[in-house]
Amino acid sequence: MGKKKAKSAILSALRDACANEGKAVAFLEHQRWGDSPFCPRCGIVGEVYQMTDRETKERNKDYRWRCKSCKKMYSVRTGTIFEESRLPLRVWVYAFWKACSSKKGISALQLCREMEITHKSALFVLRRIRHGLGDQPGPMLSGTVEVDETYHGGKPRYRGQIKKGRRTRKTPVIGMLERGGRLRLQVMKRVTAKGLRSAIAKYVVRSARLMTDDFNLYRTAGREFKGGHFTVNHSARQYVKPGTDIHSNSIEGAFSLFKRGVMGTWHSISTKHLPNYLNEFEFRHNTRWDDDGERTAKAIRAADGKRLTYRDSVDRPQSA
Ligand SMILES: [Zn+2]
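About the cut-offs
Residues numbered from 1 in each chain as written. Predicted model: local features only at pLDDT ≥ 70, side-chain atom pairs only at ≥ 80, totals over all residues. Heavy atoms only, no water. Donors = N, O, S within 2.8 Å, 3.2 Å for Na, K, Ca; no water. Tetrahedral: all angles 85-135°; square planar, octahedral: opposite > 155°, others 65-115°. Helix = DSSP H or I, 4+ residues; strand = E, 2+ residues; numbered from the N terminus. Buried < 20%, exposed > 50% of the residue type's maximum accessible area, 1.4 Å probe, protein only. Pairing = 2+ DSSP bridges. Axes fitted to C-alpha atoms, helices over the stretch in contact; angles between N-to-C directions. Parallel < 35°, antiparallel > 145°, perpendicular 65-115°, else oblique. Left-handed = near helix turned anticlockwise from the far one by under 90°. Contact = heavy atoms within 4.5 Å. Core = buried A, V, L, I, M, F, W, Y, C linked by side-chain atoms within 4.5 Å. Phe/Tyr/Trp six-rings, centres within 6.5 Å; stacked < 30°, edge-to-face > 60°. Lys NZ or Arg CZ within 6 Å of the ring centre and 35° of its normal. Nonpolar A, V, L, I, M, F, W, Y, C, P; charged D, E, K, R; others polar.

1. Let's talk about the coordination of the zinc ion
- Surrounding the zinc ion are the protein donor atoms Cys 39 (SG), Cys 42 (SG), Cys 67 (SG) and Cys 70 (SG), at 2.3 to 2.4 Å.
- One way to put it: the four donor atoms around the zinc ion meet at angles of 105 to 118 degrees, and that makes the site tetrahedral.
- Positions of the donor residues of the zinc ion along the chain correspond to the pattern C-x2-C-x24-C-x2-C. Remark: Cys 70 occurs in the loop between β2 (65–67) and β3 (73–74) and Cys 42 occurs in the loop between α2 (21–33) and β1 (48–50); sequence separation between them is 28 residues.
- Note on Cys 42: relative accessible area 34%, which makes it partly exposed.

So, in structure tokens, the structure goes:
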């Protein structure tokens, strides 16, 4: 009962926040500070108050706060991704909600139509939201973990080259999926035994059972897993080892869902922005048991404090 009530409360708060700037501000303040607002400039809790307009006695039109301790003014935008633009916060709340609720996310084109903002602003908002969703803290993957790579972007450069990813010029993405659990996706510069090993070691516990196809570069990583390294012989068109649970169908399913999302909603993604789309996809997978309201609240909290790293993220690949 309590949980159901909380669920509808957050959804109705979201709906109100998308229509009214004051409510959007209050919603974000609550997500950020809960019941104990603090000063983002000096970190002092409790010594802060909302500023009011001298004539109307209502909240100041920029929704500012002041800190009694450091005497500085701030707002819910201070130190967040919202600080970089003057867009109304109800636009941000709406974008977070939509990015977190529909199965395939929202495109900049849809956002600019629905919120009557420019396409450029819509891109700006969505890029920052996606960036904020990246590299969420969480337990390492354990149990049975499937690992595979997929390849993104342009046609292979040389005619006659095998089109299927490996040994082409496409951008590799490694995917690691705990069966029944979390997903991790990471862009790689090049697929090497060393690179695969370090990506897997970063996210998967040593005691796991590792499942891959028979691609030989997984052997180095595979040797380190106490639970064993099991392979399915894809080159012989085998997809499940008969009579066993040895397969990598779940991670392949996740890749194909990602690709359908790319084609269906975003049409094309440049390699530069690929990590951001992977963030969004990974986040949605890892919060799949949450309802839309909880997921949106998590996304907003995740974006908190990531403002300064955005530019780095688009100008530099995520991993070696
Ligand atoms: Zn202060």
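2. Here's the deal with the sheet that holds β3
- Read from one edge of the open sheet, three strands run β1-β2-β3, paired in antiparallel fashion. In this open sheet, the two strands that pair with only one neighbour each are β1 and β3.
- In terms of strand pairing, β1 meets β2 through three bridges, oriented antiparallel. Bridge pairing in β2 links Val 48 to Cys 67.

3. Overview of the packing of helix α5 (residues 119–132) against helix α9 (residues 274–286)
- For the pair α5 and α9, interaxial distance at closest approach is 8 Å and the crossing angle is 60 degrees. Between α5 and α9, the interaxial angle falls into the category oblique. α9 is crossed by α5, and the crossing has left-handed handedness. Contacts from Arg 127, Arg 130 and His 131 of α5 reach α9 at Asn 276, Tyr 277, Asn 279 and Glu 280.

4. Some remarks on the nonpolar core
- In terms of nonpolar packing, the biggest core is built from 44 residues, with Trp 92, Phe 96 and Leu 111 touching the most fellow members.
- Secondary-structure elements contributing two or more residues to this core are α1 (2–19), α2, β2, α3 (89–101), α4 (108–115), α5 and α10 (292–303).
- At ten residues, α3 tops the list of elements feeding residues into this core.
- When near neighbours in sequence (up to four residues on either side) are disregarded, Phe 96 contacts Ile 81, Phe 82, Ile 129, Thr 296, Ala 299, Ile 300 and Ala 303.
- Judged by nonpolar contacts, the second largest core, of 17 residues, contains Ile 174, Met 176, Ile 200 and Phe 225.

5. Some points on the packing of aromatic side chains
- Under the counting rule described, the total for this entry stands at nine aromatic pairs.
- Between Trp 33 and Tyr 74 the ring centres are 5.8 Å apart and the planes differ by 90 degrees, which places this aromatic pair in the edge-to-face class. Of the two residues, Trp 33 is situated in helix α2 and Tyr 74 in strand β3; the sequence distance between them amounts to 41 residues. Here Trp 33 and Tyr 74 have matching classes, each one buried.
- Residues Trp 65 and Tyr 74 carry aromatic rings whose centres are separated by 6.3 Å and whose planes lie at 15 degrees to one another, so their mutual orientation is stacked. In this structure, Trp 65 and Tyr 74 share a single accessibility class: buried.
- Each member of the aromatic cluster is reached from another via a ring pair, and the members are Trp 33, Phe 38, Trp 65 and Tyr 74.
- Just above the ring of Phe 124 sits the side chain of Arg 128; from NZ or CZ to the centre is 3.7 Å.

6. Some words on the packing of α2 against α10
- Between α2 and α10, the shortest axis-to-axis distance is 10 Å and the interhelical angle comes to 70 degrees. As judged from the angle between their axes, α2 and α10 are roughly perpendicular. Residues Phe 27, Leu 28 and Gln 31 of α2 form the contact with α10, whose participating residues are Ala 297, Ile 300 and Arg 301.
- Broken down by class, the residue content of the contact of α2 with α10 amounts to four nonpolar, one polar and one charged.

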